[in-house]
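Residue strings, one per chain:
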Amino acid sequence: MANAGTVSKTSFWRSEDGTATLIAFSVLTILLGVAFANLPKNHRELAAEYQTLKTQNEPATADSKDVKAVDKKVRLKEIETNLSPNFFKSWWLKISDWSQNPFLGFRSSGGAWQWFSLAATGLVLLMIATLGMWWQRQSVSRFIPAFVVVFALTTLSFVLASQQLLKYFNLEYPLWALLVGLVIANTVAVPAWLQPAVKPDLYVKIGLILLGAEVLFGKLLILGLPGILVSWTVTPIVLIGTYLFGQKILKIESRSLNMVISADMSVCGVSAAIATASACRAKKEELSLAIALSLVFTVVMMVVQPYCIRRMGLNDVVAGAWLGGTIDSTGAVAAASELLKSPVATEVATTVKMIQNILIGVFSIAIAAYWATFVERKKRTDDSESKRSALGEIWRRFPKFALGFLLSSILFSAVQASSVEGNAMVNAVVDGSSKHLRAWFFCLAFVCIGLESNMRQYAFRLRSGKPIILYVVGQAFNLTLSFIACYVVFQWLFREATESLLR
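Note that residues are indexed from 1 along each chain, following the sequence as it is written. The predicted origin of the model limits local features to residues at a pLDDT of at least 70 and limits the giving and counting of side-chain atom pairs to 80 or more, whereas totals for whole chains, interfaces and linings rest on all residues. Excluding hydrogens and water, the side-chain values take into account all heavy atoms of the structure.

## Description of the overall build of the chain
Secondary structure elements follow DSSP: runs of H or I of four or more residues count as helices, runs of E of two or more count as strands, with numbering from the N terminus. Along its length, the chain carries 23 helices and 0 strands. Partly exposed describes any residue whose relative accessible area lies between the buried limit of under 20% and the exposed limit of over 50%, with all areas from a 1.4 Å probe on protein chains only and scaled to the type maximum. With 503 residues in all, the chain has 53% of them scored as buried. Only heavy atoms enter the contact rule, under which two residues are in contact if any of them lie within 4.5 Å. Pairs at least 24 apart in sequence give 80% of the contacts found in the chain among residues at least 6 apart. Here the accessible surface of atoms and residues is derived via Shrake-Rupley with a 1.4 Å probe, and residues count as covered only by protein chains that are part of the display. Within the structure as shown, the chain displays about 22900 Å² of accessible surface, and the carbon and sulfur contribution to it stands at 64%.

Dropping the structure here:
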């Protein structure tokens, strides 16, 4: 992104990457501490009972098996609930579905108005963002009133995304947030007093590091080697193949636009696009274009791909893996897999997508290294730059917030794997707070990306049709290669694992 390309004279910890890492990691650590403090006094006894029930053999007779299985499932759910009190869950504003009156979105499913949640959400976001401005030695007094307006635009985006008809077509909040920002930027323009709060890089980096708490290595164990083979073999091949197609065949002038679209389409949609844009210093308009393409094609694939799967008669494991490896966002994968009406397909699809999400940090490092070593080496004609070592240049360009993403993923994976209580604490933090915060910071970022994007400058790229051709051809390649990989891995190489999942 444009701002990401600026070389700061300040220390790393005062930069946007450092600030985002400090703030997001501190928030996650505090939330873990709160979850630990709220464990019930008898948590050890509950954890022991949970372990016993999980390892308990099922009864031999069919009738008693049905009853015992239900009782066991109910008790396990009770223990999980007792161990995972969602302390802050009621704080976060979650816009309800509405049909004609948008203000009804501020009422909970129980009918109560959510004004406290609106105020609490805005206040927490304001405190976190203001802390970032203070830490970066920027004007807090100018930031606060501007942030209130940006938060209002973000809330509007969530309200639009919750309209029942629009929600039915899965037009999610990133699209509306981008459109809200783009409409303002490309019509009346962004007033100067609003600029201090237009900080898309900071918001999105905080959101991505918070996302790390949801990308847990324990997911790897659910599908094991078959899931890793499908996710980690196909994805880099599609990314590299699509990028080379854009450069060699389509001859797209902007390498960064080519790379952002390729990563968006091959890895995991918006999150990958943002991380890649930072690694290759893409412009805001390029990122906006890539995200818009991704969201439009995702809506189409969410409807068409499940229909094709039913017509093809694929089993639930292959179908779920294919959905998870090709549809761009985790939420869209879950929604599309629900159309198959199979819990197995949904579990496999979301797991494959989460395994794929782990590659965000890895690809950020690889793309930053490639950009510094090959793409922009010819541009560095300055003597001081020519003397800089290759490793030093890679480190300078590397999106260091990706390390925060990996650290949060490692921390939460370790806590989850440590004990039953650890797993409960992770669930409490993610379900009760971090995923809500992450969504709000992402939405703030998308609004600001729209506010900073002058699409008139990039209209000619759409007129040429090359970005659309790149996405269509790349996604066709992705669909074909992913299908072959899913079929070979789950139908031939690991057929026993597939049969065990289908039982």
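## Brief notes about the packing of aromatic side chains
Here a pair means two rings of Phe, Tyr or Trp (six-membered ring of Trp) with centres within 6.5 Å. Their orientation is stacked below 30 degrees between planes, edge-to-face above 60, and tilted elsewhere. For the structure on display, the rule yields 19 aromatic pairs. Here the aromatic rings of Phe 158 and Tyr 173 are separated by 4.9 Å at their centres, their planes lie at 40°, and the arrangement is tilted. With Phe 158 in helix H5 (residues 140–161) and Tyr 173 in helix H7 (residues 173–185), this residue pair connects regions lying 15 residues apart in the sequence. Residue Phe 158 is classed as buried on the basis of its relative accessible area, which comes to 13%. Assessed through its relative accessible area of 15%, Tyr 173 is described here as buried. The interplanar angle of 40° and the centroid separation of 6.4 Å between the aromatic rings of Tyr 203 and Phe 441 together place this pair among those described as tilted. Note that Tyr 203 is positioned in helix H8 (residues 200–211) and Phe 441 in helix H20 (residues 420–451), a separation of 238 residues in sequence. For Tyr 203, a relative accessible area of 0% gives the class buried. To sit over a ring, a charge needs its Lys NZ or Arg CZ within 6 Å of the ring centre and within 35 degrees of the ring normal. If you follow Arg 14 out to its NZ or CZ, it ends over the ring of Trp 135, 3.9 Å from the centre.

## Points about the confidence of the model for the chain
Residue-level pLDDT values for the chain average 84, and 88% of them are 70 or greater. The pLDDT value expresses, per residue, how confident the predictor is, ranging between 0 and 100. Mean pLDDT across the elements of the chain ranges from a minimum in helix H17 (residues 383–387), with 46, to a maximum in H5, with 96. Counting interchain partners and residues more than four positions distant, the pLDDT-below-50 stretch residues 381–387 has 2 contacts.

## Re the environment of Phe 106
Topologically, Phe 106 is positioned in the loop between helix H3 (62–83) and helix H4 (115–135). Remark: the alpha-carbon pair of Phe 106 and Ser 117, spanning 11 residues in sequence, is separated by 9.2 Å. Those residues in contact with Phe 106, other than ones at most four positions away along the chain, are Leu 93, Ile 95, Ala 112, Trp 113, Gln 114, Trp 115, Leu 118, Thr 155 and Val 159.

## Some points on the packing of helix H19 (residues 401–418) against H20
For the pair H19 and H20, interaxial distance at closest approach is 5 Å and the crossing angle is 135°. The angle between the axes of H19 and H20 places the two elements in the oblique class. Where H19 approaches H20, its residues Phe 412, Val 415, Gln 416 and Ser 418 are matched on the opposing element by Gly 422, Asn 423, Met 425, Val 426 and Val 429. Each residue is assigned to one class: nonpolar for Ala, Val, Leu, Ile, Met, Phe, Trp, Tyr, Cys and Pro, charged for Asp, Glu, Lys and Arg, and polar for all the others, Gly among them. Here the residues of the contact of H19 with H20 sort into 5 nonpolar, 4 polar and no charged. Angular values range over 0 to 180 degrees, each being the angle between N-to-C directions of two axes fitted as lines to C-alpha atoms, with helices fitted over their stretch in contact. The labels follow the angle: roughly parallel below 35 degrees, roughly antiparallel above 145, roughly perpendicular from 65 to 115, and oblique for the rest.

## Brief notes about the side chain of Ser 162
Locating Ser 162 in the fold gives a position in the loop between H5 and helix H6 (164–168). In this structure, Ser 162 is in contact with Ile 95, Ser 96, Asp 97, Trp 98 and Lys 167, ignoring residues within four places of it in sequence.

## Describing the nonpolar core
In this structure, Phe 147, Tyr 203, Ile 206, Leu 437, Phe 441 and Phe 446 are the most contacted members of the largest nonpolar core, which totals 126 residues. Non-local contacts of Tyr 203, meaning those with residues more than four positions away in its chain, are made with Ala 129, Phe 143, Phe 147, Ala 197, Phe 441, Leu 444, Ala 445 and Cys 448. Ala 319, Ala 332, Leu 340 and Val 352 belong to the second largest nonpolar core, which has 24 residues in total. For the purposes of this section, nonpolar cores are sets of buried Ala, Val, Leu, Ile, Met, Phe, Trp, Tyr and Cys residues that join through side-chain atoms within 4.5 Å.

## Brief notes about helix H14 (residues 330–338)
The complete set of buried residues in H14 reads Ala 332, Val 333, Ala 336 and Ser 337. Seen from one end, H14 has its buried residues packed into an arc of 130°, which puts them on one side. Lining the buried residues of H14 we find helix H12 (284–312), helix H13 (316–326) and helix H15 (343–357). By construction, the arc corresponds to the directions joining the helix axis to the C-beta atoms.

## Looking at helix H10 (residues 255–268)
Spanning 14 residues, H10 covers 20 Å between terminal C-alpha atoms, matching the ideal 20 Å at 1.5 Å per step. The buried fraction of H10 amounts to 13 of the 14 residues, a majority that puts the element mostly inside the structure. Helices are assigned an expected span. That span is 1.5 Å times one less than the residue count.

## Regarding the packing of helix H16 (residues 359–375) against H19
Here H16 crosses H19 at 150°, and the two axes come no closer than 9 Å. One element, H16, and the other, H19, form an angle in the roughly antiparallel class. Once H16 is placed against H19, the crossing between them reads as left-handed. On H19, the residues touching Ile 360, Gly 361 and Ser 364 of H16 are Ala 402, Phe 405 and Leu 406. Left-handed describes a crossing in which the near helix is turned anticlockwise from the far one by less than a right angle; the clockwise case is right-handed.

## Some details on the environment of Leu 493
Of note, Leu 493 is situated in helix H22 (residues 466–493). For Leu 493, a relative accessible area of 59% puts it in the exposed group.

## A few points about empty space enclosed by the protein
Of the grid points, spaced at 1 Å and generated over the protein atoms alone, those admitting a 1.4 Å probe that cannot get out make up cavities, while open sets with protein on both sides within 12 Å along at least five of seven lines make up pockets; any residue with an atom within 4 Å of a point is treated as lining. Grid points are joined across faces, edges and corners, and a volume is the space filled by probe spheres set on the points. Within the structure shown, the criterion is met by 3 cavities of 30 Å³ or more. Put simply, the second largest cavity is a space of about 60 Å³. Tyr 50, Ile 79, Glu 80, Leu 83, Ser 84, Val 420, Asn 423, Ala 424 and Asn 427 together form the lining of the second largest cavity. Broken down by element, the lining of the second largest cavity gets its largest block of residues, 4 residues, from H20.

## Notes on a positive patch on the surface
Among the surface-exposed residues, Lys 248, Lys 251, Arg 255 and Lys 466 lie close enough to one another that they form a single positively charged patch. Its location among the elements puts Lys 248 in helix H9 (residues 219–249). For Lys 248, a relative accessible area of 58% corresponds to the exposed category. Patch definition: residues with relative accessible area over 30% and no salt bridge; like charges joined within 9 Å; nonpolar side chains (Val, Leu, Ile, Met, Phe, Trp, Tyr) joined within 5 Å. Salt bridge criterion: a side-chain nitrogen from Lys or Arg within 4 Å of a carboxyl oxygen from Asp or Glu. Here the positive residues are Lys and Arg and the negative ones are Asp and Glu; neither His nor the chain ends is included. Throughout, a charge is located at the NZ atom of Lys, the CZ atom of Arg, the CG atom of Asp or the CD atom of Glu.

## Points about unusual backbone geometry
Notably, Arg 137 is not glycine yet its phi reads approximately 60°, a positive angle. Position of Arg 137 relative to the elements: it lies in the loop between H4 and H5. The exposed category is assigned to Arg 137, whose relative accessible area is 62%. The backbone phi angle of Lys 341 is positive, close to 55°, even though this residue is not glycine. Considering the arrangement of structural elements, one finds Lys 341 in the loop between H14 and H15. Overall, the relative accessible area of 74% leaves Lys 341 in the exposed class.

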